[in-house]
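# Coordinate inspection notes
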Amino acid sequence: MARVYNFSAGPAVLPEEVLKQAANEMLDYRGSGMSVMEMSHRSKIYQQILNTAEADIRELMNIPDNYKVLFLQGGAYQQFAAVPMNLMKNRVADYVITGQWAKKAWLEAQIYGTANAVASSADKGFSYIPDCSDLPISENADYVYICENNTIYGTKFHTLPNTKGKPLVADVSSCFLSEPVDVTKYGMLYGGVQKNIGPAGVVIAIIREDLITEDVLPGTPTMLRYKTHADAGSLFNTPPAYGIYICGLVFQWLKSIGGLKAIQARNQEKAAILYDFLDSSDMFKGTVVKQDRSLMNVPFVTGNGDLDAEFVKAAEAAGFVNLKGHRTVGGMRASIYNAMPIEGVEKLVAFMKDFERRK
Ligand SMILES: *Cc1c(COP(=O)(O)O)cnc(C)c1O
């Protein structure tokens, strides 16, 4: 068995301990004689898995009692519609456009109401986070929307926008559980789990209770109403049961290493190794302004497309895979999520130094 260093933006690397535990429990989950994949989602044993997963994420993120934790499906993209359908009471919302995912959410919201772009960093190729301290928030906006960590461009909101009292809705797909957060600053945060928590298909949404109502837009399908899933404890229909189980194992792994403060320290250390090198290299350069850099996704370029391609190929041959930048932006991108070991980044930087020296 040879594991590679996988720098994929998503689906992405998971902790080896979790994969091994899942393998050990594959044929017989804790004496049940079956895999979690084969269990009734209404069984006692599965209810225990779900309860533990919810309790663990609540503990990790210090989620207050007046927030619901929903395990949903349909990917983050599904939420681009579900958010306006559930929250656009006045049919007005304000969006901050910091990249493709924010833009896609904004375009989807326009199907349901007036979605205003109140700030954007498109003028400089989404290489920074706009100043959101005094946005022109609409009087009757139902919420203010951000994509907190921009997976493709490698920027992160290190300060949340001043929403002037409106609920903040954040897509945290690519920074979920990467550092401590103050949940009370959000009306809702959600993410697809395939970036930092588990297998694709599961979405975790954390929503303040007063925002979960029956007053949704006409035509909102039952399955897209937050109330449906909140009332049913994420068991309205068959949930993505196996995926939730893996998320639960990742929560336990995070707890075992010291929780979100500990993973934040690791993530800062890992990212610093790569950013320090990029700042000192003559060949490789980061593409994001320093103060807005993501700890999770690190895009970089050589400035020469052929050299970029040569690097990606050589890196892959050496066991550093999925370093090609997003198809729409080119260059390289190293996604260094929670489960990327520090040696993976150290060895990547050593490889980059060697590549540079040989040129
Ligand atoms: C990957 C990603 C998405 C899309 O997720 P799907 O599960 O494929 O719908 C949305 N937002 C962000 C920030 C992402 O990184």
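It should be noted that the structure appears before, not after, this text.
Notes on the structure in this doc start here. Note that the structure is predicted; figures quoted are calculated from it, not measured.

### Description of the nonpolar core
With 57 residues, the main nonpolar core has M61, L177, I204, I206 and F251 as its most contacted residues. With 11 residues, helix α6 (residues 241-256) is the single largest residue contributor to this core. Among residues more than four places away in sequence, those in contact with F251 are A53, D56, I57, L60, F71, L177, I197 and I204. Counting residues in each nonpolar core, the second largest holds 35 residues, with Y95, Y145, Y190 and Y226 among its members.

### Remarks on the environment of V216
Residue placement: V216 occurs in the loop between β10 (202-208) and α5 (226-231). Residues V216 and L27, spaced 189 residues apart in sequence, show a C-alpha to C-alpha distance of 43 Å. In contact with V216, not counting residues within four places along its chain, are M85, N86 and R225.

### Focus on unusual backbone geometry
Note the cis peptide between G10 and P11, where omega equals -10°. Looking at the element boundaries, P11 is found in the loop between β1 (5-6) and α1 (16-24).

### Considerations on the site of the ligand
Every residue close to the ligand is listed here: G75, A76, Y77, F80, W101, C147, N149, T151, D171, S173, Q194 and K195. Between an oxygen atom of the ligand and a main-chain N or O atom of Y77, the distance comes to 2.9 Å. Between the ligand and the protein, one listed contact pairs an oxygen atom with a side-chain N or O atom of K195 at 2.5 Å. In the complex, the protein chains occlude 85% of the 380 Å² of accessible area that the ligand would expose alone. Of the residues assigned to the shell around the ligand, the class counts are 5 nonpolar, 5 polar and 2 charged.

### What about the pattern of salt bridges?
Applying the stated criterion across every chain yields a total of 19 salt bridges. A salt bridge links D279 to R293; its shortest N-O distance comes to 2.8 Å. Of the two residues, D279 is situated in helix α7 (residues 259-280) and R293 in the loop between β11 (285-286) and β12 (297-301); the sequence distance between them amounts to 14 residues. Taken together, the salt bridges that share partners define one network made up of R3, E16 and K20.

### Digging into helix α2 (residues 44-61)
In a regular helix each residue adds 1.5 Å, so 18 residues correspond to 26 Å; α2 covers 26 Å between its end C-alpha atoms and thus fits that length. Every buried residue of α2 is listed here: Y46, I49, L50, A53, D56, I57, R58, L60 and M61. Positioned one or two residues after α2, N62 has a phi angle of 55°, which is positive.

### Side note on the sheet that holds strand β14 (residues 332-335)
Taking strand neighbours across the sheet as the criterion, the 3 strands line up as β11-β12-β14 in an open arrangement whose pairing is antiparallel. The open sheet terminates on both sides in strands that have one partner only, identified here as β11 and β14. Of the strand pairs in this sheet, β12 and β14 are connected by 4 bridges, and their pairing is antiparallel. Paired with F300 across the strands is M332, a residue of β14.

### Points about the side chain of R58
In this fold, R58 is placed in helix α2. R58 sits in the buried class, given a relative accessible area of 18%. Leaving out residues up to four positions away in the same chain, R58 has contacts with I63, P64, D65, Y67, K68 and V69.

### Some words on the packing of aromatic side chains
All told, the structure shown has 18 aromatic pairs when counted by the stated rule. Judged by centre distance (5.0 Å) and plane angle (50°), the ring pair of F126 and Y153 falls under tilted. Of this pair, F126 sits in the loop between β4 (114-120) and β5 (144-147) while Y153 sits in the loop between β6 (149-150) and β7 (155-156), and the two are 27 residues apart along the sequence. Taking relative accessible area as the criterion, F126 reaches 11% and is therefore assigned buried. With relative accessibility at 13%, the residue Y153 sits in the buried group. When the centroid spacing of 5.2 Å and the interplanar angle of 80° are considered together, the rings of F311 and F355 count as edge-to-face. Placement of the pair is F311 in helix α8 (residues 305-317) and F355 in helix α9 (residues 342-358), with a sequence separation of 44 residues. Take F311: its relative accessible area is 0%, and that puts it in the buried class. For F355, a relative accessible area of 2% translates into the label buried.

Here is what the cut-offs are and how they apply
- Residues numbered from 1 in each chain as written.
- Predicted model: local features only at pLDDT ≥ 70, side-chain atom pairs only at ≥ 80, totals over all residues.
- Heavy atoms only, no water.
- Core = buried A, V, L, I, M, F, W, Y, C linked by side-chain atoms within 4.5 Å.
- Buried < 20%, exposed > 50% of the residue type's maximum accessible area, 1.4 Å probe, protein only.
- Helix = DSSP H or I, 4+ residues; strand = E, 2+ residues; numbered from the N terminus.
- Contact = heavy atoms within 4.5 Å.
- Near = heavy atom within 4 Å.
- Polar contact = N/O pair within 3.5 Å; in protein donor to acceptor, adjacent residues only side chain to side chain.
- Areas by Shrake-Rupley, 256 points an atom, 1.4 Å probe, with all protein chains shown as cover.
- Nonpolar A, V, L, I, M, F, W, Y, C, P; charged D, E, K, R; others polar.
- Salt bridge = Lys/Arg side-chain N within 4 Å of Asp/Glu carboxyl O.
- Expected span 1.5 Å × (residues − 1).
- Pairing = 2+ DSSP bridges.
- Phe/Tyr/Trp six-rings, centres within 6.5 Å; stacked < 30°, edge-to-face > 60°.

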